[in-house]
Amino acid sequence: MPTMAGVPASALSTAAVPAAIVAVDGLVKDYGAVHAVRGISFAVRRNEILGFLGPNGAGKTTTIRCLLDLLRPTAGRVEVFGLDTGRDGVAIRARLTYLPGELRLPERQTAAELVAGLGRLRGGFDPVRREELAARLELDLARPMRNLSSGNRRKVALLLAFLWPVELLVLDEPTGGLDPLMQREFLRLVREARARGATILLSSHVLSEVQRVADRVVVLRAGLVVADGTVDELRRRVSQRVEVWFSGTAPAAALDTVPGLADRESEGRRFTATLTGPIGPLLRVLAAHDVESMLIEEPDLEEAVLGLYEEAAP
């Protein structure tokens, strides 16, 4: 069964919530001679959707388990809601939902029975909300878990994740096995949770969905943070392909003065290059010439993150 914790809206804490819902400071986690996490620091701000990225073995799941107090750090400090995870783990887990990447659901129960059982542990749930989520996820609550496909099992987990209104959602590879339509519905649920005041830590290999929903991204590689910034900031680190058509011959000499241009090619009226950095200097040069058309290919988050993986490879 997935490890999930939550409380009904009436039981949400009224205590002051710090600006950083999650604060990780110098976290180290070793498994004997294996250094899974090597002194990382980052924060998840209140009401933020943070994309938590990295290749397999980067240390993402280990970090998540440390902030849930499912693992104890070798060194460093982790706080959630301003509370120390080692001392206040039970109180922290009562205010969040955790959806793990690996699901273990009870084979003989139906989804309805699982929801009812967890509801008794949590002090109840809203049956109208349950039916709404089941309809949106196209999930039959009456079928035993053993008869469900991997995608439908994932839908059960998503229903449980979004059923209770909690302060923090920790989602580890939440859309594995879902078709594109359900992935889109998942993103709607994430945005709605944030609109209600929740903070979301989203760990995913589906970089396109992170690009569409995340406010900020933290990238791990080999147990280290190799990037921390907005999606746009990360995308700007990647070269853009530029293609310009002029009315006359391309002004190669003038274009050579533009900083950040590389791989320049001039052929008659056509000029191509890659651009790293701001586009303003290029536009100022182009404004002095008769341009017929221009194409700039915006880099996406996947290009930026894959480049970071390669740069930081041991």
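Presented here is an overview of the structure given in this document. (Residues numbered from 1 in each chain as written. Predicted model: local features only at pLDDT ≥ 70, side-chain atom pairs only at ≥ 80, totals over all residues. Heavy atoms only, no water.)

**Topic: the packing of helix 3 (residues 111-122) against helix 5 (residues 150-163)**
Here is step 1 of the chain: Two numbers describe how helix 3 lies on helix 5: the axes approach to 11 Å, and their chain directions differ by 25°. Here helix 3 is positioned roughly parallel relative to helix 5, judged by the angle of their axes. The element helix 3 and its partner helix 5 pack so that their crossing is right-handed. For the pair formed by helix 3 and helix 5, the contact residues are A111, L114, V115, L118 and R122 on the first element and V156, L159, L160 and L163 on the second.
Here is step 2 of the chain: Looking at the contact of helix 3 with helix 5 residue by residue, the classes come out as 8 nonpolar, no polar and 1 charged. (Axes fitted to C-alpha atoms, helices over the stretch in contact; angles between N-to-C directions. Helix = DSSP H or I, 4+ residues; strand = E, 2+ residues; numbered from the N terminus. Parallel < 35°, antiparallel > 145°, perpendicular 65-115°, else oblique. Left-handed = near helix turned anticlockwise from the far one by under 90°. Contact = heavy atoms within 4.5 Å. Nonpolar A, V, L, I, M, F, W, Y, C, P; charged D, E, K, R; others polar.)

**Considerations on the nonpolar core**
Here is step 1 of the chain: Within the largest apolar cluster, 48 residues are counted, with the highest numbers of intra-cluster contacts made by V156, L159, F162, L171, I200 and V217.
Here is step 2 of the chain: Considering every element that reaches this core, the biggest residue donor is helix 5, with 8 residues.
Here is step 3 of the chain: With near-sequence residues (within four places) excluded, V217 lies in contact with L50, G51, L53, V210, A227, D228, G229, V231, L234 and L301.
Here is step 4 of the chain: Counting residues in hydrophobic clusters, the runner-up holds 27 residues, among them V44, L50, C66 and L67. (Core = buried A, V, L, I, M, F, W, Y, C linked by side-chain atoms within 4.5 Å. Buried < 20%, exposed > 50% of the residue type's maximum accessible area, 1.4 Å probe, protein only.)

**Some details on the side chain of K155**
Here is step 1 of the chain: Structurally, K155 is set in helix 5.
Here is step 2 of the chain: Buried and unpaired, K155 has no salt bridge, with E138 as the nearest side chain of opposite charge at 4.7 Å.
Here is step 3 of the chain: Excluding residues that lie within four positions of it along the chain, K155 makes contacts with L137, E138, L139, L178 and M182. (Lys, Arg positive; Asp, Glu negative; His and termini not counted. Salt bridge = Lys/Arg side-chain N within 4 Å of Asp/Glu carboxyl O.)

**Some remarks on the pattern of salt bridges**
Here is step 1 of the chain: Per the stated rule, a full pass over the model turns up 22 salt bridges.
Here is step 2 of the chain: R136 is paired through a salt bridge with E185; the nearest N and O atoms lie 2.7 Å apart. Here E185 lies in helix 6 (residues 180-195) and R136 lies in helix 4 (residues 127-136), a separation of 49 residues in the sequence. As far as the burial class goes, R136 and E185 line up, both buried.
Here is step 3 of the chain: Each of R129, E132, R136, E185, R188 and E192 takes part in one network of salt bridges that share partners.

**A few points about the pairing of strand 10 (residues 224-229)**
Here is step 1 of the chain: Where strand 9 (residues 216-221) meets strand 10, 5 bridges bridge the pair, whose relative direction is antiparallel. By the bridge assignment, V218 is partnered in strand 10 with D228. (Pairing = 2+ DSSP bridges.)

**A short note on unusual backbone geometry**
Here is step 1 of the chain: Positive phi is not limited to glycine here, since N47 has a value of about 65°.
Here is step 2 of the chain: Inspection of the secondary structure puts N47 in the loop between strand 2 (34-45) and strand 3 (49-53).

**Re the environment of Q240**
Here is step 1 of the chain: With respect to the helices, strands and loops of the structure, Q240 is situated in strand 11 (residues 240-246).
Here is step 2 of the chain: A residue is classified by how much of its surface remains accessible, and Q240, at 11% relative accessible area, is buried.
Here is step 3 of the chain: As a C-alpha pair, Q240 and L275 span 35 residues in sequence and 5.0 Å in three-dimensional space.

**Some words on the sheet that holds strand 3**
Here is step 1 of the chain: In space, the 6 strands of this open sheet follow the order 6-7-8-3-9-10, with mixed pairing throughout. Each edge of the sheet is formed by a strand with only one pairing partner; in this case those strands are strand 6 (96-99) and strand 10. Ignoring strand direction, the axes of neighbouring strands in this sheet form an average angle of 15°.
Here is step 2 of the chain: In terms of strand pairing, strand 7 (residues 168-172) meets strand 8 (residues 199-203) through 5 bridges, oriented parallel.

Any functional reading would require information beyond the geometric quantities listed.
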